[in-house]
Amino acid sequence: MSAQILLRGKNLTRRWGGLVAVNNVSLDLARGSVHAVIGTNGAGKSTLINLLSGEFPPSSGEVELLGQDISQWPQPRRARAGLGRSYQRNTIYPSFTVLENCRLSAQAQHQQAWKFWRNAEADPVTQHIGHDAAVRVGLGDVLQRQAGFLSHGQKRQLEIAMCLATAPQVLLLDEPLAGMGAEETERMLTLLQELKQDHAILLVEHDMDAVFRIADCITVMVNGNVIASGTPDEVRNNPDVRSAYLGDH
Amino acid sequence: MDFATFLIQCLNAMQYGLLLFLVASGLTLIFGIMGVINLAHGSFYMIGAYMAYALAPVVGAAFGGEFFSTMVAGLVLSVILGYVLEWAFFSYLYEREHLQQVLMTYGLILVFEELRSLLVGDDVHGVTVPDFLNGTLPLNDVMTYPVYRLFISGVCLLIAAAKWFVFTRTRLGMMIRAGTNNREMVQSLGIDITFLYRVVFAMGVALAVFAGMIAAPVSSVYPNMGNAVLIICFVVVVIGGIGSIKGALVAALLIGIVDTFGKVLVPQAAGVLVYVLMALILLWRPNGLFKD
Amino acid sequence: MRHPSSFVVTVFGLLALWPVVASSYGVDLVAKIMIYALLALSLELLVGSTGLVCFGQAAFFGIGAYAALLLAPADGSAPSLLISLLSAVVLAGVYALAVGALSLRTQGVYFIMVTLAFSQMAYYVVHDTPLGGGTDGIYMYVKPALGWIDLDQPMHLYGFIWFSLLLGYVFLTQLLRSPFGRALAGIRVNEQRMKATGFSTYPYKLAAFTLSGAIAGWAGYLFAIKDGFVNPELLSWHLSGAVLVMIILGGLGHMRGALIGAFAFALLQELFQSEAVFGSYAKHWHLGLGMAIIACVAFMPHGLVALPKQFRERLIGRSTHPKNTHTKEEAA
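Remember, predicted model here, so these are calculated numbers, not experimental data. (Residues numbered from 1 in each chain as written. Chains lettered and ligands numbered in written order. Predicted model: local features only at pLDDT ≥ 70, side-chain atom pairs only at ≥ 80, totals over all residues. Heavy atoms only, no water.)

Contacts between the two partners involve 42 residues from chain B, matched on the other side by 43 residues from chain C. Summed over both sides, the interface of chain B with chain C buries roughly 3900 Å², with 80% coming from carbon and sulfur. At the junction of chain B with chain C, the criterion picks out 0 salt bridges. At the junction of chain B with chain C, the criterion picks out 7 residue pairs in polar contact (both at pLDDT 80 or more). (Contact = heavy atoms within 4.5 Å. Buried area = accessible area lost by both parts, 1.4 Å probe. Salt bridge = Lys/Arg side-chain N within 4 Å of Asp/Glu carboxyl O. Polar contact = N/O pair within 3.5 Å; in protein donor to acceptor, adjacent residues only side chain to side chain.)

Right under this line is the structure:
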């Protein structure tokens, strides 16, 4: 059974004036796999994720979601179609509780904005979805805590929960392990292993150990170009990668 | 409209536009470098105009040679005013949200207007053009054009050129531009950013005050003159585009043209035309004509 | 809907009882404050709840006021209150829709500047063109009527204004509790995140902007029928500034802050204008007001609503605020 390709980036290029941030990058995200993108600072990883998630359109190339060309779709539309994204910096809402954060995300798929007489707090659908998302990432016992008072690791978990609450098919995760200690990293990696069962995951990360443990496929970028792409073993043994990035391990 | 009238209106448009650019550049200087939106900027323009009126007899009696010495005295005072204001008030605004800056500087407008009312009263005043600039230039056998207006345009262009030179060719300009992008970095290089900001603010104030001073003979001196200028400056910035000096110049000239010809051709709608222009440009280019 | 809070009951109860104890000057004053309170509520929806700092609210207020007079029947009969009010609200809402559509494409400071500019545009239309009767303004000779409500009677007028304010308050607090209101709150905190989650934020902001303008128009309409007179100063940017001061004085992020702020601002204004306190300097009341505004924003940025909390924090010596400028939102 071949894995279903959920998200495809084809020959993506993005120029800012004279600077080429991403140059002719292609990659596939299949359900049931984690595809990691690694590279030094300035390699174009953030730009790539932004192109895929829709924060700006590509200068050339296409993005396909479930076979449909979404290159010109704005970000909200892509999110509603099943493309979830988490950010490198925390974008949680500090003054809302954990549950409220998740419920707000869940609301994106059930907007009904014109029903002004309804209380958002009483809505069973967002309650159910938000609750499940929070529990799934391991925040079940802090549902009523204000998100601003969570530990850093918990905030990163909440970041993922907010993503999950929109019932995405594809997860674009930008450095979810950033700033985490060993124990928190373990928890997050376990979560990602679970999540990859029914999602396609793109993982941009700096933590090399984590990447090599969990990724099924790794793409290495330098200065906007892909210099290698393949299984972890292939990448580890690739001479270009060794010299440009890993050093000689 | 015959050619001579058309030429006169063009020259008027240019003069008004360049004056606007002078004031607006002070506003964007302060906003671009310190991130402070200053509603009281129009008040500095008003202060300049009132200085031209109130200082002239005083300076003339003390130093003789009214016009230029009034200019110099006004400039010195405005730099001092800017320096003190930055130290006492504006330096506390850098870290605040825009809404707070807007309201605090709005309060400042009220304070300035009332202080002006207490010190100089509420009457409208005229300021006479100095004799040596009081002539007219013949355009054809019937029409002439006041030399003073050409003087205004010339001075504005000179100052714009001087600003460009300072910013792109001097160390001070380099430090200022560096300070915009990374405050901590500049500080760690040993440059006193507090002093730098104070200088920049004083420059911004001086630009507005000076504009008010040289405009006074043409526009006369009256209460609330600062507010009208302020809002038009905002339109200049919005039309010109985010952070763009070139945009501000183009926008100011455009507004000068629309306003001047509007007053002549459609006098009843003259006040509205500038905003219609802004609306049209926003329709076409939401971020203004030029992006930084 | 939730049961009304004690705050609502107390405030509106007191306001309802006020005419019983007050002089006719007092009744007129509070009627005016209630109108400004409604205007402040409309702005709170934009600034406090959605994070859109609009410096042009006076335009919608003024359009509502002018509509009350300009849309009166030519034959001099009393217009129907419902139709007249509805037209004013719709007209103000339409201008808000147009202004919003253009200005919401800008951000931050530029949004503030653009809203101010469009407000000035409306000001110049009524000030310069014969449409608005010029600087002299227009007088209303016949007030609208609806069945037994006779707006020439101060009590009826006061009651109608009181009812409008109550309606506006209840509607807006409910709106903020609704999914639409939660979305606005999310947009205020992090619009980018909302987009990434799947919310198209522009329609939400535009809807809030239009609604806000319509409610401001309602307030303007009330002002016109109360005084029977409108002039271009109703669209002055000084009024836009005053409303902003009201909501920050009361406290952003709370509808009741808008109410409190409107009353506090009106009292401040009365204080500085009072010759009993300031003697001959009373005519320079803008000076005191300006300094008070600066002081309030500088030392009480969270407004009067947050004073008890600010006080408590000073005593305890630590912050109970999470990393953000607003505390947990309460709709009322």
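The structure having been displayed, the exposition proceeds.
Turning to unusual backbone geometry, a few remarks are in order. All names here are of chain A. Unlike most non-glycine residues, Asn11 shows phi in positive territory, near 50°. As for its placement among the helices and strands, Asn11 is situated in strand 1 (residues 5-16). Asn11 gets classed as partly exposed once you look at its relative accessible area, which sits at 41%. (Helix = DSSP H or I, 4+ residues; strand = E, 2+ residues; numbered from the N terminus. Buried < 20%, exposed > 50% of the residue type's maximum accessible area, 1.4 Å probe, protein only.)

Take the 2 pairs of chains in contact: the one carrying the most contacts is chains B and C. The two units chain A and chain B remain apart, with a minimum C-alpha distance of 12 Å.

Scanning the model with the defined rule gives 29 aromatic pairs over all chains in all. With a centroid separation of 4.9 Å and 80° between ring planes, the pair formed by A:Trp16 and A:Phe56 is classed as edge-to-face. Taken together, the residues span a long stretch of sequence, with A:Trp16 in strand 1 and A:Phe56 in the loop between helix 1 (45-53) and strand 4 (60-65) at a distance of 40 residues. The class of A:Trp16 is partly exposed, set by a relative accessible area of 38%. Residue A:Phe56 is classed as buried on the basis of its relative accessible area, which comes to 17%. Arranged with centres 6.0 Å apart and planes meeting at 25°, the rings of B:Tyr275 and C:Tyr124 form a pair that is stacked. Residue B:Tyr275 is found in helix 11 (residues 270-284), and its partner C:Tyr124 is found in helix 5 (residues 108-128); the two belong to separate chains. A connected cluster of aromatic rings, assembled from ring pairs, spans B:Phe44, B:Phe89, B:Phe90, B:Phe112 and B:Phe201. Between the NZ or CZ atom of A:Arg77 and the centre of the ring of A:Trp73, over which it lies, the distance is 3.8 Å. Of note, A:Arg85 hangs over the ring of A:Tyr87, and the distance from its end group to the ring centre comes to 4.0 Å. (Phe/Tyr/Trp six-rings, centres within 6.5 Å; stacked < 30°, edge-to-face > 60°. Lys NZ or Arg CZ within 6 Å of the ring centre and 35° of its normal.)

Residue and element names in this part refer to chain A. By secondary structure assignment, the location of Thr13 is in strand 1. A polar contact of 3.0 Å, which involves the side chain of Thr13, links it to the backbone nitrogen of Asn24. In this view, Thr13 contacts Val20, Val22, Asn23, Asn24, Pro58, Ser59 and Ser60; residues no more than four positions away in its chain are not counted.

Contacts between chain A and chain C engage 33 residues on the former and 33 residues on the latter. When the buried surface of chain A facing chain C is broken down by residue, A:Tyr93, A:Ser95 and A:Phe116 rank first, second and third, together holding 19% of it. Between the two partners, chain A and chain C, sit 1 salt bridge. Salt-bridge contacts for A:Glu159 lead to C:Arg193; the nearest nitrogen and oxygen are separated by 3.0 Å. Linking chain A with chain C are 16 residue pairs in polar contact (both at pLDDT 80 or more). Counting residues per element, the ones that place at least two in the side of chain A that touches chain C are helix 2 (75-80), strand 6 (83-86), helix 3 (98-107) and helix 5 (152-164) of chain A. Taken together, the residues that form the side of chain A that touches chain C break down as 14 nonpolar, 11 polar and 8 charged. (Nonpolar A, V, L, I, M, F, W, Y, C, P; charged D, E, K, R; others polar.)

A few words on the pairing of strand 1 of chain A. Residues and elements named next belong to chain A. As defined by bridge partners, strand 1 adjoins strand 2 (residues 19-30) across 8 bridges and the pair is classed as antiparallel. Bridging across to strand 2, Arg8 finds its partner in Asp28. What sits between the antiparallel neighbours strand 1 and strand 2 is a turn of 2 residues, in which Gly17 has the positive phi angle 60°. Two strands pair when backbone bridges link them, and strand 1 and strand 4 are joined in this way by 5 bridges, in the antiparallel orientation. Within strand 4, the residue paired with Gly9 across the bridge is Val63. (Pairing = 2+ DSSP bridges.)

To continue, consider the packing of helix 1 (residues 6-21) of chain C against helix 2 (residues 24-50) of chain C. All names here are of chain C. One way to put it is that helix 1 packs onto helix 2 with a least axis distance of 9 Å and a crossing angle of 155°. When the interaxial angle is binned, helix 1 and helix 2 end up roughly antiparallel. Helix-helix and strand crossings are classified by hand; for helix 1 and helix 2 the assignment is left-handed. Contact residues: helix 1 offers Leu15, Trp18 and Pro19, while helix 2 offers Gly26, Val27, Val30 and Met34. Counted by class, the contact of helix 1 with helix 2 contains 6 nonpolar, 1 polar and no charged residues. (Axes fitted to C-alpha atoms, helices over the stretch in contact; angles between N-to-C directions. Parallel < 35°, antiparallel > 145°, perpendicular 65-115°, else oblique. Left-handed = near helix turned anticlockwise from the far one by under 90°.)

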